[in-house]
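What the coordinates show
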Amino acid sequence: MIYLDTSVLLKRYIMEPESNAFEDFFAANAPFHSSRLTLVEARSALARRRRIGQITRKLESNAFEELRTDLQDGALVLHALTDSHTTHALDILAKTPKIPLRTLDALHLSIAQEIGATKFATSDRNQGEAASLIGFELFFF
């Protein structure tokens, strides 16, 4: 089972470096798993990019709709955030004290472990380093 962090998933909807490589990976390995946090993070990241002029309002809307289509089609399965995930994220932070891991990144790692994912895809170097350290096979784009 492969868990996708929001940072890498957005490469499917917005053209970025490594988008083509990720698209090939996505096509070859779907379905993927992620968290409901992904919806909030994706919406926030797209809006931020629109506000700073990197994307248009239309591209923002289209990207989010493509994400919803992937959910409806079953290419992406979202898992709920539970209290146990926050406790587990604290443990991950304790196990990775030298990595400047952000809160939501630790929560994604926690959810991935608790749902039984063995592989983790991200485009965040710190999160990738932590994922490898706690035992995931890492895909970095």
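Details of the structure are given in the entry above.
1. Side note on the overall build of the protein
Looking only at helices and strands, one finds seven helices and five strands in the protein. Starting at the N terminus, the α and β elements of the protein follow one another as β-α-α-β-α-α-β-α-α-β-α-β. Compactness check: the protein gives a C-alpha radius of gyration of 15 Å against a globular reference of 14 Å for 141 residues, within 12% of the reference. Summarising its shape, the C-alpha atoms of the protein cover approximately 40 × 30 × 25 Å along the three principal directions. Summed over all atoms, the accessible surface of the protein reaches about 7,300 Å², with 52% contributed by carbon and sulfur.

2. Describing the packing of aromatic side chains
One pass over the structure, following the stated rule, counts nine aromatic pairs. Seen in terms of ring centroids, Phe120 and Phe136 are 5.4 Å apart; in terms of plane orientation they differ by 50°. Their pairing is tilted. In this pair, Phe120 sits in strand 4 (residues 119–122) while Phe136 sits in the loop between helix 7 (125–133) and strand 5 (137–140), placing the two residues 16 residues apart along the sequence. Across the pair, exposure class does not vary: Phe120 and Phe136 are buried alike. Following the ring pairs from residue to residue traces out a cluster consisting of Phe22, Phe25, Phe26, Phe32, Phe139 and Phe141. The residue whose ring lies beneath Arg12 is Phe26, and the NZ or CZ to ring-centre distance is 3.8 Å. Geometry around Phe64 places Arg43 over its ring, the cationic atom sitting 3.9 Å from the centre.

3. A closer look at helix 5 (residues 83–95)
Spanning 13 residues, helix 5 covers 19 Å between terminal C-alpha atoms, matching the ideal 18 Å at 1.5 Å per step. Among the structural elements, helix 6 (103–114) are those in contact with the buried residues of helix 5.

4. Concerning the packing of helix 3 (residues 37–51) against helix 4 (residues 57–73)
Where helix 3 contacts helix 4, the two axes come as close as 9 Å, and the packing angle between them is 165°. Regarding the angle of helix 3 to helix 4, the classification is roughly antiparallel. Our pair here, helix 3 against helix 4, has a crossing hand that is right-handed. In this structure, helix 3 contributes Leu39, Ala42, Arg43, Leu46, Ala47 and Arg50 to the contact, and helix 4 contributes Arg57, Glu60, Ala63, Phe64, Leu67, Arg68 and Leu71. Its residues placed into classes, the contact of helix 3 with helix 4 shows eight nonpolar, no polar and five charged.

5. Remarks on the pattern of salt bridges
Side-chain pairs of opposite charge can arise where the charged atoms are in close proximity. Scanning the model with the defined rule gives eight salt bridges in all. Between Glu16 and Lys11 there is a salt bridge, with its nearest N and O atoms 3.0 Å apart. Judged by relative accessible area, Glu16 falls into the buried class, the value being 15%. Under the relative-accessibility criterion, Lys11 is labelled buried at 8%. What emerges from the salt-bridge pattern is a single network uniting Lys11, Glu16 and Arg49.

Cut-offs used in this document
Residues numbered from 1 in each chain as written. Predicted model: local features only at pLDDT ≥ 70, side-chain atom pairs only at ≥ 80, totals over all residues. Heavy atoms only, no water. Helix = DSSP H or I, 4+ residues; strand = E, 2+ residues; numbered from the N terminus. Rg over C-alpha atoms; globule rule 2.2 N^0.38 Å. Areas by Shrake-Rupley, 256 points an atom, 1.4 Å probe, with all protein chains shown as cover. Phe/Tyr/Trp six-rings, centres within 6.5 Å; stacked < 30°, edge-to-face > 60°. Buried < 20%, exposed > 50% of the residue type's maximum accessible area, 1.4 Å probe, protein only. Lys NZ or Arg CZ within 6 Å of the ring centre and 35° of its normal. Expected span 1.5 Å × (residues − 1). Contact = heavy atoms within 4.5 Å. Axes fitted to C-alpha atoms, helices over the stretch in contact; angles between N-to-C directions. Parallel < 35°, antiparallel > 145°, perpendicular 65-115°, else oblique. Left-handed = near helix turned anticlockwise from the far one by under 90°. Nonpolar A, V, L, I, M, F, W, Y, C, P; charged D, E, K, R; others polar. Salt bridge = Lys/Arg side-chain N within 4 Å of Asp/Glu carboxyl O.

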